[in-house]
Amino acid sequence: MQNEFVLSKKSEFDELKKYIDSVKNSQGVTMQILQKAQGIFGYLPLEVQQFISDETNIPLADIYGVVTFYTQFSTEEKGKHKIGLCLGTACYVKGSQEIMDKLAEELNVKVGKTTEDKLFTLEATRCLGCCGLAPVMMIDDDVYGKMEPQKIKEILKKYK
Ligand code: FES
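Values in this document were obtained by computation on a predicted structure and should not be read as measured data.

**Considerations on the packing of aromatic side chains**
Within this structure, the stated rule accounts for seven aromatic pairs. Aromatic rings pair up to connect Phe5, Phe13, Phe41, Tyr43 and Phe51 into one cluster.

Here it is in C-alpha coordinates:
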(Lines give C-alpha, C1' and ligand atoms only; values in the text may rest on other atoms or scores of the structure.)
Protein backbone atom coordinates (compact mmCIF):
# COMPACT_ATOMS: atom_id res chain seq x y z
CA MET A 1 0.00 0.00 0.00
CA GLN A 2 2.95 2.30 -0.54
CA ASN A 3 1.08 4.71 -2.75
CA GLU A 4 1.95 8.38 -3.17
CA PHE A 5 -0.20 9.48 -0.26
CA VAL A 6 1.40 7.00 2.11
CA LEU A 7 4.92 7.92 1.01
CA SER A 8 4.29 11.64 1.35
CA LYS A 9 2.86 11.31 4.85
CA LYS A 10 5.49 9.10 6.44
CA SER A 11 5.97 11.19 9.58
CA GLU A 12 2.19 11.41 10.09
CA PHE A 13 1.87 7.62 9.81
CA ASP A 14 4.78 7.22 12.25
CA GLU A 15 3.03 9.51 14.73
CA LEU A 16 -0.22 7.58 14.35
CA LYS A 17 1.56 4.25 14.80
CA LYS A 18 3.13 5.47 18.03
CA TYR A 19 -0.30 6.49 19.29
CA ILE A 20 -1.92 3.21 18.29
CA ASP A 21 0.86 1.24 19.99
CA SER A 22 0.23 3.18 23.20
CA VAL A 23 -3.50 2.42 23.32
CA LYS A 24 -4.13 -0.72 21.31
CA ASN A 25 -4.20 -3.08 24.28
CA SER A 26 -7.06 -1.14 25.86
CA GLN A 27 -10.71 -1.87 25.09
CA GLY A 28 -12.96 0.28 22.92
CA VAL A 29 -10.34 2.67 21.58
CA THR A 30 -11.53 2.80 17.97
CA MET A 31 -13.10 6.24 18.37
CA GLN A 32 -10.00 7.59 20.12
CA ILE A 33 -7.73 6.28 17.40
CA LEU A 34 -9.92 7.73 14.66
CA GLN A 35 -10.06 11.10 16.42
CA LYS A 36 -6.29 11.11 16.79
CA ALA A 37 -5.85 10.12 13.14
CA GLN A 38 -8.17 12.89 11.98
CA GLY A 39 -6.23 15.33 14.16
CA ILE A 40 -3.00 14.27 12.48
CA PHE A 41 -4.17 14.07 8.86
CA GLY A 42 -7.12 16.48 8.95
CA TYR A 43 -9.35 13.80 7.42
CA LEU A 44 -9.56 10.03 7.10
CA PRO A 45 -8.87 8.78 3.59
CA LEU A 46 -9.02 5.06 2.87
CA GLU A 47 -5.23 4.73 3.23
CA VAL A 48 -5.44 5.91 6.84
CA GLN A 49 -8.40 3.63 7.57
CA GLN A 50 -6.48 0.69 6.08
CA PHE A 51 -3.43 1.52 8.19
CA ILE A 52 -5.53 1.60 11.37
CA SER A 53 -7.12 -1.70 10.39
CA ASP A 54 -3.68 -3.29 9.81
CA GLU A 55 -2.29 -1.98 13.09
CA THR A 56 -5.27 -2.87 15.27
CA ASN A 57 -6.66 -5.97 13.51
CA ILE A 58 -10.05 -4.27 13.44
CA PRO A 59 -11.68 -5.18 10.09
CA LEU A 60 -11.58 -2.32 7.58
CA ALA A 61 -15.35 -2.62 7.09
CA ASP A 62 -15.88 -1.89 10.79
CA ILE A 63 -13.63 1.14 10.70
CA TYR A 64 -15.30 2.41 7.55
CA GLY A 65 -18.68 1.93 9.23
CA VAL A 66 -17.68 4.11 12.17
CA VAL A 67 -16.09 6.79 9.99
CA THR A 68 -19.14 7.15 7.79
CA PHE A 69 -21.63 6.96 10.67
CA TYR A 70 -20.28 9.86 12.73
CA THR A 71 -20.43 13.30 11.17
CA GLN A 72 -17.35 14.38 13.15
CA PHE A 73 -15.28 12.26 10.77
CA SER A 74 -14.56 13.17 7.20
CA THR A 75 -13.18 11.05 4.40
CA GLU A 76 -12.46 14.10 2.27
CA GLU A 77 -9.75 16.66 2.67
CA LYS A 78 -11.06 19.91 4.10
CA GLY A 79 -10.31 23.36 2.78
CA LYS A 80 -7.99 25.81 4.51
CA HIS A 81 -11.03 27.75 5.74
CA LYS A 82 -14.27 26.28 6.96
CA ILE A 83 -17.42 28.23 6.19
CA GLY A 84 -20.35 27.25 8.38
CA LEU A 85 -23.68 28.77 7.52
CA CYS A 86 -26.40 28.30 10.10
CA LEU A 87 -29.59 26.70 8.81
CA GLY A 88 -31.20 26.64 12.26
CA THR A 89 -34.78 27.89 12.51
CA ALA A 90 -34.05 31.54 13.39
CA CYS A 91 -31.49 31.85 10.61
CA TYR A 92 -33.59 29.94 8.13
CA VAL A 93 -36.60 32.22 8.52
CA LYS A 94 -34.31 35.21 8.04
CA GLY A 95 -33.13 33.87 4.69
CA SER A 96 -30.05 31.73 5.29
CA GLN A 97 -31.01 29.40 2.44
CA GLU A 98 -30.67 32.28 0.00
CA ILE A 99 -27.23 33.02 1.44
CA MET A 100 -26.25 29.37 1.15
CA ASP A 101 -27.28 29.34 -2.50
CA LYS A 102 -25.23 32.45 -3.13
CA LEU A 103 -22.19 31.00 -1.35
CA ALA A 104 -22.45 27.80 -3.36
CA GLU A 105 -22.68 29.83 -6.56
CA GLU A 106 -19.82 32.16 -5.61
CA LEU A 107 -17.50 29.30 -4.62
CA ASN A 108 -18.78 26.92 -7.27
CA VAL A 109 -19.11 24.14 -4.74
CA LYS A 110 -21.89 22.06 -3.20
CA VAL A 111 -22.74 22.10 0.50
CA GLY A 112 -20.42 19.75 2.39
CA LYS A 113 -17.74 20.01 -0.29
CA THR A 114 -14.41 21.74 -0.71
CA THR A 115 -13.46 24.16 -3.46
CA GLU A 116 -11.05 22.94 -6.11
CA ASP A 117 -8.29 25.21 -4.84
CA LYS A 118 -8.75 23.67 -1.35
CA LEU A 119 -9.33 27.12 0.12
CA PHE A 120 -12.89 26.72 1.44
CA THR A 121 -15.14 23.96 2.70
CA LEU A 122 -18.80 24.95 2.74
CA GLU A 123 -20.96 23.47 5.47
CA ALA A 124 -24.43 23.91 6.86
CA THR A 125 -24.58 24.06 10.65
CA ARG A 126 -27.21 23.83 13.33
CA CYS A 127 -27.96 26.77 15.64
CA LEU A 128 -24.73 28.50 16.58
CA GLY A 129 -26.24 29.98 19.72
CA CYS A 130 -26.41 33.58 18.55
CA CYS A 131 -29.86 33.70 16.94
CA GLY A 132 -30.13 37.44 17.66
CA LEU A 133 -27.61 37.89 14.85
CA ALA A 134 -29.51 35.72 12.37
CA PRO A 135 -28.68 34.82 9.73
CA VAL A 136 -25.25 33.82 11.00
CA MET A 137 -22.21 32.63 9.10
CA MET A 138 -18.88 31.54 10.56
CA ILE A 139 -15.58 31.36 8.76
CA ASP A 140 -13.16 29.49 10.98
CA ASP A 141 -13.61 31.31 14.33
CA ASP A 142 -14.96 34.56 12.87
CA VAL A 143 -18.67 35.24 13.26
CA TYR A 144 -20.63 37.20 10.65
CA GLY A 145 -24.11 38.18 11.79
CA LYS A 146 -27.06 39.65 9.94
CA MET A 147 -25.70 38.19 6.74
CA GLU A 148 -26.95 39.33 3.37
CA PRO A 149 -26.10 37.78 0.01
CA GLN A 150 -24.44 40.97 -1.20
CA LYS A 151 -21.91 40.90 1.66
CA ILE A 152 -20.49 37.53 0.64
CA LYS A 153 -17.97 38.65 -2.00
CA GLU A 154 -16.32 41.22 0.29
CA ILE A 155 -16.08 38.81 3.20
CA LEU A 156 -14.61 35.98 1.15
CA LYS A 157 -11.92 38.30 -0.20
CA LYS A 158 -10.37 38.52 3.28
CA TYR A 159 -9.59 34.81 3.20
CA LYS A 160 -8.13 34.59 -0.28
S1 FES B 1 -30.64 29.51 14.47
FE2 FES B 1 -28.85 30.34 13.63
S3 FES B 1 -27.75 31.01 15.33
FE4 FES B 1 -29.50 30.13 16.17
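Resuming the write-up.
**Examining the side chain of Glu123**
Tracing the chain through its elements places Glu123 in strand S2 (residues 120-125). Here the side chain of Glu123 touches Lys78 through a polar contact of 2.6 Å, side chain to side chain. With near-sequence residues (within four places) excluded, Glu123 lies in contact with Lys78, Lys82, Ile83, Gly84, Leu85, Met100, Val111 and Gly112.

**Focus: the packing of helix H2 (residues 10-23) against helix H4 (residues 46-56)**
Between H2 and H4, whose axes approach to 11 Å, the crossing angle comes to 35 degrees. In this structure, H2 meets H4 at a crossing whose hand is right-handed. For the pair H2 and H4, the contacting residues are Phe13, Leu16, Lys17, Ile20 and Asp21 in the first and Glu47, Val48, Phe51, Ile52, Glu55 and Thr56 in the second. Here the contact of H2 with H4 is composed, by residue class, of six nonpolar, one polar and four charged.

**A short note on the domain arrangement of the protein**
In terms of domain boundaries, the protein breaks down into domain 1 (4-69) and domain 2 (81-157). A separation of 31 Å is found between the C-alpha centroids of domain 1 and domain 2.

**Concerning the pattern of salt bridges**
If you walk through the whole model with that rule in mind, you get eight salt bridges. When the shortest N-O distance is used, the salt bridge between Asp14 and Lys10 registers 3.0 Å. Of the two residues, Asp14 and Lys10 both sit in helix H2, four residues apart, roughly one turn of that helix. For Asp14, a relative accessible area of 37% gives the class partly exposed. Linking Glu154 and Lys157 is a salt bridge whose minimum nitrogen-to-oxygen distance equals 3.2 Å.

Conventions used here
- What you see as residue numbers is a count from 1 along each chain, following the sequence as written.
- Two thresholds apply to this predicted model, a pLDDT of at least 70 for residue-level local features and 80 or more for giving and counting side-chain atom pairs, whereas whole-chain, interface and lining totals are computed over all residues.
- Note: side-chain values were computed over all heavy atoms of the structure, leaving out hydrogens and water.
- We call Phe, Tyr and Trp rings a pair once their centres come within 6.5 Å, taking the six-membered ring for Trp, and we label the pair stacked below 30 degrees between planes, edge-to-face above 60, and tilted otherwise.
- Helix and strand assignments come from DSSP, with helices taken as H or I runs of at least 4 residues and strands as E runs of at least 2, each series counted from the N terminus.
- We call two N or O atoms a polar contact when they sit within 3.5 Å, provided that within protein one can donate a hydrogen and the other can accept it, with sequence-adjacent residues counted only if both atoms are side-chain atoms.
- It only takes one pair of heavy atoms within 4.5 Å for two residues to be counted as in contact.
- Geometry is summarised by axes, namely lines fitted to C-alpha atoms with helices restricted to the contacting stretch, and by angles between N-to-C directions that run from 0 to 180 degrees.
- We call a crossing left-handed when the near helix sits turned anticlockwise from the far one by less than a right angle, and right-handed when that turn is clockwise.
- Polarity classes work like this: nonpolar for Ala, Val, Leu, Ile, Met, Phe, Trp, Tyr, Cys and Pro, charged for Asp, Glu, Lys and Arg, and polar for all others, with Gly in that last group.
- Bear in mind that the domain bounds are from an automatic or database domain assignment.
- What counts as a salt bridge is simple: a side-chain nitrogen of Lys or Arg found within 4 Å of a carboxyl oxygen of Asp or Glu.
- For each residue, the accessible area found with a 1.4 Å probe, counting protein chains only, is set against the maximum for its type, and the residue is called buried under 20%, exposed over 50%, and partly exposed in between.

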